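Analysis of the macromolecular model
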Amino acid sequence: MNRDLTQTVARIAGVNPRACMRCGKCTGACPAYDEMEYHPHQFVSMVETGRIDELLRSKGIYTCLSCFACIERCPRQVEPARLIEAVRVLAERKQGADHLRPQDIPARLDPDMPQQAITSALRKYRR
Amino acid sequence: MVFSYFPGCTLKNKGARLDLCGRRAAEALGFTLEELPEWQCCGGVYPQARDEIATRLSSVRALDAARRKGQSLVTLCSACHHVIRRVNGDMQRDAQIRGAVNRYLQLDTPYEGQTQVLHYLEVLRDVIGFDELARRVTRPLTGQRIGAYYGCLLLRPSREMCFDDPENPTILEQFIRAIGAEPVYYAMRNECCGGYTVLEPGGRAQKQAGKVLANAAACGAQTLITACPLCMYNLQKSVGGELPVRYFTELLAQALGLEVES
């Protein structure tokens, strides 16, 4: 339990996880929910109860697609995708914790890949 | 009608057809897209973390440049539109972000979100009008069954994007009708293509985009249209479906009778 980290995550995200009423619409709308060990509604609950260390180690923070379906459908404006992003930036701001390094990219390219794929992935996966 | 124009990194390279056809069609329809000088890449994704300032600066520089010209800012790439539109919203509504950005940039006049940001499709709908577009079409795509692929970035979050109904959008279907074709409605037209996870091992984006393509094909679409180069790529590289995918500006130019060199 780490309540200080809850405050930090809520501050970075700019949303209030305590407004969540556990309706589960976010998880119902999420196209990546089955690739996350903690589904979006569980993620919100874990932020609220201070289980941030577990979230920082989860691979789900890298599988959110940022499609904003959860934000669109959340009736309480908790905006789960913002909380996921806040935990991800917390993880990546640690020195050496980048999820994607520029030197890893050439091996993953093909001749048709748009520049947008690279700029987006770097902004998501590297600090 | 003259607009400032932000093409973005991909439209200068892999997504050149989206840009080229869009510019040529704009000329034919009587509006001018003036490319901003020395624009910088928008970064491709909106920074959701409220304490990130550097990742918002390129958008604010573009917005401020358009303001100084007294013009609305037009975008064409879905990602650029998403990022610039939401950063503009931050500059209007978020005093913390607005203050930090302005303290850093030290503009002659602080930027507070004054510029109107329009997607090219919004220019067609709200400035030109789809009825007028239909009148200008010389080579209608009669008989073609086209599926609109919206994806995420134009629609969501609708409170900030204010683009169309996020669950039941109509703008691309109106566009398809205006160029003489028949829109095909399918369930996954506003679902995610997998986006930037294409660089992650595991092929998730290909699978995700494959579901979209298979759904569109099952509903009778012969072609899909998109405004996003990354959606285009993911759909073309997807697993489980095969359907031609075109930029909406390519079909627009075609319907207007324009020959656009590749």
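All figures in this text were calculated on a predicted structure; none of them were measured in a lab. (Residues numbered from 1 in each chain as written. Chains lettered and ligands numbered in written order. Predicted model: local features only at pLDDT ≥ 70, side-chain atom pairs only at ≥ 80, totals over all residues.)

Another point: the overall build of chain A. Helix and strand counts for chain A come out as 7 helices and 0 strands. When the elements of chain A are put in sequence order from the N terminus, they spell out α-α-α-α-α-α-α. Against the globule reference of 14 Å for 127 residues, chain A gives a C-alpha radius of gyration of 15 Å, in line with a compact fold. With the C-alpha coordinates aligned to their principal axes, the bounding extent of chain A is approximately 45 × 30 × 25 Å. When the 127 residues of chain A are sorted by exposure, 45% land in the buried category. Expressed as a percentage of contacts within chain A between residues at least 6 apart in sequence, the contacts between residues at least 24 apart total 71%. (Helix = DSSP H or I, 4+ residues; strand = E, 2+ residues; numbered from the N terminus. Rg over C-alpha atoms; globule rule 2.2 N^0.38 Å. Buried ≥ 20, exposed ≤ 12 C-beta atoms within 10 Å, placed from the backbone. Contact = placed C-beta atoms within 7 Å.)

Below, the discussion takes up the overall build of chain B. When its secondary structure is counted, chain B shows 11 helices and 8 strands. In terms of C-alpha radius of gyration, chain B reaches 18 Å, essentially the compact-globule figure of 18 Å for 262 residues. Considering only C-alpha atoms, chain B reaches an extent of 55 × 45 × 30 Å along its principal axes. Residue burial in chain B is summarised as follows: out of 262 residues, 51% are buried. Counted over contacts in chain B with a minimum sequence separation of 6, partners at least 24 positions apart contribute 75%.

Right, let's talk about the sheet that holds strand β4 (residues 117–119) of chain B for a bit. One key point about sheets: their strands pair by backbone hydrogen bonds, in either a parallel or an antiparallel sense. All names here are of chain B. In space, the 4 strands of this open sheet follow the order β2-β1-β3-β4, with parallel pairing throughout. Edge positions in the sheet fall to β2 (32–35) and β4, since each has one partner strand and no second. Each adjacent strand pair in this sheet contributes to an overall mean axis angle of 40°, direction not counted. Where strand β3 (residues 73–75) and β4 come together, 3 bridges link them in parallel fashion. Residue Val74 lies in a different strand from β4, and its bridge partner there is Leu118. Packing against the sheet, helix α2 (residues 57–69) makes contact with β1 (2–6) and β3, and its axis sits at approximately 165° to β1. Across the sheet, helix α5 (residues 120–128) is in contact with β3 and β4; its angle to β4 comes to roughly 90°. (Pairing = 2+ DSSP bridges. Axes fitted to C-alpha atoms, helices over the stretch in contact; angles between N-to-C directions.)

Below, the discussion takes up the domain arrangement of chain B. All names here are of chain B. Domain annotation of chain B identifies domain 1 (2–120) and domain 2 (133–255). Computed over C-alpha atoms, the centres of domain 1 and domain 2 are 23 Å apart. Contact residues are listed per partner, giving 21 residues for domain 1 and 17 residues for domain 2. Broken down by secondary-structure element, the contributors of at least two residues to the side of domain 1 that touches domain 2 are α1 (16–29) and α3 (78–93). Residue composition of the side of domain 1 that touches domain 2, by class: 8 nonpolar, 8 polar and 5 charged. (Domains from an automatic or database assignment. Nonpolar A, V, L, I, M, F, W, Y, C, P; charged D, E, K, R; others polar.)

Here we come to unusual backbone geometry. Omega for the bond connecting B:Arg156 with B:Pro157 falls within 30 degrees of zero, at -10°, which places this linkage in the cis form. Tracing the backbone shows B:Pro157 in the loop between β5 (145–148) and α7 (158–161). The phi dihedral of A:Phe68 is positive, around 70°, even though this residue is not glycine. Structurally, the position occupied by A:Phe68 is in the loop between α4 (52–56) and α5 (69–73). One non-glycine residue, A:Glu79, lies in positive phi territory at about 55°. The topology assignment puts A:Glu79 in the loop between α5 and α6 (80–92).

Moving on, we get to the nonpolar core. Formed by 121 residues in total, the largest nonpolar core has its most connected members in A:Leu83, B:Ile84 and B:Leu235. Considering each element in turn, this core owes the most residues, 7 residues, to α6(A). In this view, A:Leu83 contacts A:Val9, A:Ala13, A:Val15, A:Pro17, A:Phe43, A:Val44 and A:Val47; residues no more than four positions away in its chain are not counted. (Core = buried A, V, L, I, M, F, W, Y, C linked by C-beta atoms within 7 Å.)

Residues and elements named next belong to chain B. Two elements, β5 and strand β6 (residues 182–184), share 3 bridges in a ladder whose sense is parallel. From the neighbouring strand, Ile146 faces β6, where its bridge partner is Pro183. Here 3 bridges tie β5 to strand β7 (residues 223–226), and the two strands are oriented parallel to one another. Its bridge partner being in β7, Ala148 is matched across the sheet by Ile225.

Here the focus is the interface of chain B and chain A. At the interface, 33 residues of chain B touch 29 residues of chain A. Elements with a contribution of two residues or more to the side of chain B that touches chain A: α9 (204–218) and α10 (229–236) of chain B. Counting residues per element, the side of chain B that touches chain A draws most heavily on α10(B), which supplies 3 residues.

Residues and elements named next belong to chain A. Tracing the sequence through the fold places Gln77 in the loop between α5 and α6. Residue Gln77 is classed as partly exposed on the basis of its C-beta count, with 13 C-beta atoms lying within 10 Å. Considered as a pair, Gln77 and Asn16 are 61 residues apart in the sequence and their alpha carbons are 8.3 Å apart.

With that settled, consider the packing of α5(B) against helix α8 (residues 171–178) of chain B. All names here are of chain B. Interhelical geometry of α5 versus α8 gives an angle of 70° and a closest axis separation of 11 Å. Regarding the angle of α5 to α8, the classification is roughly perpendicular. Where α5 crosses over α8, the handedness of that crossing is left-handed. Residues Leu121, Leu124 and Arg125 of α5 form the contact with α8, whose participating residues are Ile171, Gln174 and Phe175. Class assignment for the residues of the contact of α5 with α8 results in 4 nonpolar, 1 polar and 1 charged. (Parallel < 35°, antiparallel > 145°, perpendicular 65-115°, else oblique. Left-handed = near helix turned anticlockwise from the far one by under 90°.)

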